[in-house]
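Descriptive structure summary
Single-letter residue listing:
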Protein chains: 2
Amino acid sequence: MPARDTGPRARAEPLSGLDELAAALRALPGVGPKAAQRMALHLLQHDRPGAMRLSVALARATDSVHHCERCNTFTEDTLCTLCRSTKRDEALLCIVETPADLLMVEQTHAYDGLYFVLMGRLSPLDGIGPRDIALDRLLKRATDGRVREVVLATNFTHEGEATAHYIGELLANRGIRVSRLARGVPVGGELEYVDAGTLAQALRERRPVA
Amino acid sequence: MPARDTGPRARAEPLSGLDELAAALRALPGVGPKAAQRMALHLLQHDRPGAMRLSVALARATDSVHHCERCNTFTEDTLCTLCRSTKRDEALLCIVETPADLLMVEQTHAYDGLYFVLMGRLSPLDGIGPRDIALDRLLKRATDGRVREVVLATNFTHEGEATAHYIGELLANRGIRVSRLARGVPVGGELEYVDAGTLAQALRERRPVA
C-alpha cells in the first residue's frame, strides 16, 4: 500500500483519545477490534458517567484486590470473609477452579465448609502444570490438621477432571478423605436430551432408593 | 427467602472492589452480568496492566474527546483533521450516522469530500426526532455556499432510509443537489444468497453496460 501522507488527500482523523480507548478495550476477553470500537463510541456518545465509573472501578480493583492468604480467592483484606468467619465448618474444604465457581457453590446454600481456589486448572497443553495453580499452598492448607474431608469441585471438563484426579491422589496419599461432586442427570433434565456420557455415568453411579 | 445474616452460616465474601468492577463493566454495550463478572475476573487474574491502561484511556477519552464544530464527529481539537485539511473537496458533503460509518467510508479511498456526522438517526419509536440529531447544524453547514452536492450515506435500515429521505427533502427544497449511495448486489455476492429485496432493487436500478 502506498504511503498516504504524500498523497493528495488528507488522512482520516487520528482520533487519538478514541483510538487509544478502543485499543485498551481489547484487553477484555472476547472483545475484537469491531466490538472495541463500538464500545468506545457508545461510551463517549451515550454514557460518559458510566465510562468514568468504569475507569475508577478498574483503578480501584487493580490496586486493592489480591488473593486471600488462606483460600486464594480474591479479597481486599488479608483473609476473605469466609476464611474469617467462625460459622463455617473447618473440617470441610471445597476445591474450585475460580472465584466464580466459589460463588456458584455458595449460591446453592448447600455447603457450609471452607474453600480453596486454584485460580486455574492443570492443562499440560497450555503449559499449566502443578506449580502454576498453587498446589503447594493447597497441600499445606489441606494438611493443617483441621480438614477432614476435601470436596473436589473442579469442572467436569477434561482439564478439570485431570486436576481433580491429580489432587485426589496427592491428598489420599496423605490420609485425607477426598470426595468429588456427583455426576448424573441434571435436575429437570429429560433423558431424551441428556448426552450419552452423562446418562452412562448416572447408570453406573445409580443409588438405592428403598 | 430468609435473611441470611441471622443464619448460622457466614455470607460469601462481598468482594467489593471486584463486584464494583463487574457492575461498572455493565456500562459496555452487550455486556450482561455473567460476561461482566468473567471480564472482571480475567482482568484481575491475567491482565492487571491492561486494566490500568483501560482505566487511564477511559479517563482521558472522557475528558478530551468532544464533537468537531464543523462536522460533529469525535475529535480532541476544535476542528477534526478532515475539516482542517485543505486537500479535501469542499463541494462534497457526505452525511453519515456515526463516526464508525465515517471511518468505513474513508477506508474505501473512494471519497475525497467532507463529512457531517449525525450522531444518530431519526427513530420516532425511540423518541429521536429531527432536534436530536443536529439537523439544524447540518442545514447551516450544507447551505454555507460551498457545498454543491450532499451524499446521503445513512444506513439502509428503516430508520436510516427515513433519515435520508427527510434530510433529502429538506436540502432539495433549498436547491442543493442530493444523492444517495447506490443499492444493489454486493461485490462478490452470489444471486442465490442475496435477499429478494436487494435483488429487486438491483433490477429496478440496473445500469446500461454498453
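Residues numbered from 1 in each chain as written. Chains lettered and ligands numbered in written order. Predicted model: local features only at pLDDT ≥ 70, side-chain atom pairs only at ≥ 80, totals over all residues. Heavy atoms only, no water.

1. Structural notes on the confidence of the model for chain A
Taken over all residues, the pLDDT of chain A has a mean of 86, while the share at 70 or more is 92%. pLDDT under 50 marks residues 1-9 of chain A. Its contacts with residues more than four places away, or in other chains, come to 14 contacts. (pLDDT = per-residue confidence, 0-100. Contact = heavy atoms within 4.5 Å.)

2. So, helix H5 (residues 99-107) of chain A
Residue and element names in this part refer to chain A. With 7 of 9 residues buried, H5 is to be regarded as a mostly interior element. Of the residues making up H5, those classed as buried are Pro99, Ala100, Asp101, Leu102, Leu103, Val105 and Glu106. Two residues or fewer after H5 comes histidine 109, characterised by a positive phi angle close to 55°. (Buried < 20%, exposed > 50% of the residue type's maximum accessible area, 1.4 Å probe, protein only. Helix = DSSP H or I, 4+ residues; strand = E, 2+ residues; numbered from the N terminus.)

3. Topic: the relation of the copies chain A and chain B
Superposing chain A onto chain B requires a rotation of 180° together with a translation of 0.1 Å along the rotation axis, leaving an RMSD of 0.2 Å. On this basis, the relationship between the two copies can be described by a two-fold rotation axis. Considering only C-alpha atoms, the residue of chain A closest to the rotation axis is A:Ser55, which sits at 2.0 Å. A high fraction, 100%, of the interface residues of chain A reappear at the interface in chain B, so the copies pair face to face through one surface. (Least-squares fit on C-alpha atoms with pLDDT ≥ 70 in both.)

4. Side note on the state of the cysteines
Within the structure shown, the criterion is met by 0 disulfides over all chains. Distance from the sulfur of A:Cys71, which forms no disulfide, to the nearest cysteine sulfur (A:Cys80) is 3.7 Å. Of the residues examined, A:Cys71 reaches a relative accessible area of 2% and is grouped as buried. With no disulfide partner, B:Cys68 has as its closest neighbouring cysteine sulfur the one in B:Cys71, 3.8 Å distant. (Disulfide = S-S within 2.5 Å.)

5. With respect to the packing of helix H3 (residues 48-64) of chain A against helix H1 (residues 16-25) of chain B
Where H3(A) contacts H1(B), the axes come no closer than 9 Å and their chain directions differ by 155°. In this view, H3(A) runs roughly antiparallel relative to H1(B), as classed from their interaxial angle. Crossing angle aside, the handedness with which H3(A) passes H1(B) is left-handed. Facing H3(A), whose interface residues are A:Arg53, A:Leu54, A:Ala57, A:Leu58, A:Arg60 and A:Ala61, H1(B) presents B:Ser16, B:Gly17, B:Glu20, B:Leu21, B:Ala24 and B:Leu25. The class makeup of the residues in the contact of H3(A) with H1(B) is 7 nonpolar, 2 polar and 3 charged. (Axes fitted to C-alpha atoms, helices over the stretch in contact; angles between N-to-C directions. Parallel < 35°, antiparallel > 145°, perpendicular 65-115°, else oblique. Left-handed = near helix turned anticlockwise from the far one by under 90°. Nonpolar A, V, L, I, M, F, W, Y, C, P; charged D, E, K, R; others polar.)

6. Structural notes on the packing of aromatic side chains
Tallied over the full model, the rule gives 2 aromatic pairs over all chains. Note that A:Arg180 overlies the ring of A:Phe156, its terminal NZ or CZ placed 4.0 Å from the centroid. (Phe/Tyr/Trp six-rings, centres within 6.5 Å; stacked < 30°, edge-to-face > 60°. Lys NZ or Arg CZ within 6 Å of the ring centre and 35° of its normal.)

7. What to know about the layout of surface pockets
In this structure, the largest pocket spans a volume of roughly 790 Å³. A:Thr98, A:Ala100, B:Gln37, B:Arg38 and B:Leu41 are, among the 28 residues lining the largest pocket, the residues nearest its centre. Looking at side-chain class alone, the lining of the largest pocket contains 14 nonpolar, 7 polar and 7 charged residues. The calculated volume of the second largest pocket comes to roughly 440 Å³. Sorting the residues of the lining of the second largest pocket by element identifies helix H2 (33-46) of chain A together with helix H5 (99-107) of chain B as the ones contributing at least two each. Considering each element in turn, the lining of the second largest pocket owes the most residues, 7 residues, to H2(A). (1 Å grid on protein atoms, 1.4 Å probe; cavity = no way out; pocket = protein on both sides within 12 Å on 5 of 7 lines; lining within 4 Å. Points joined across faces, edges and corners; volume = space filled by probe spheres on them.)

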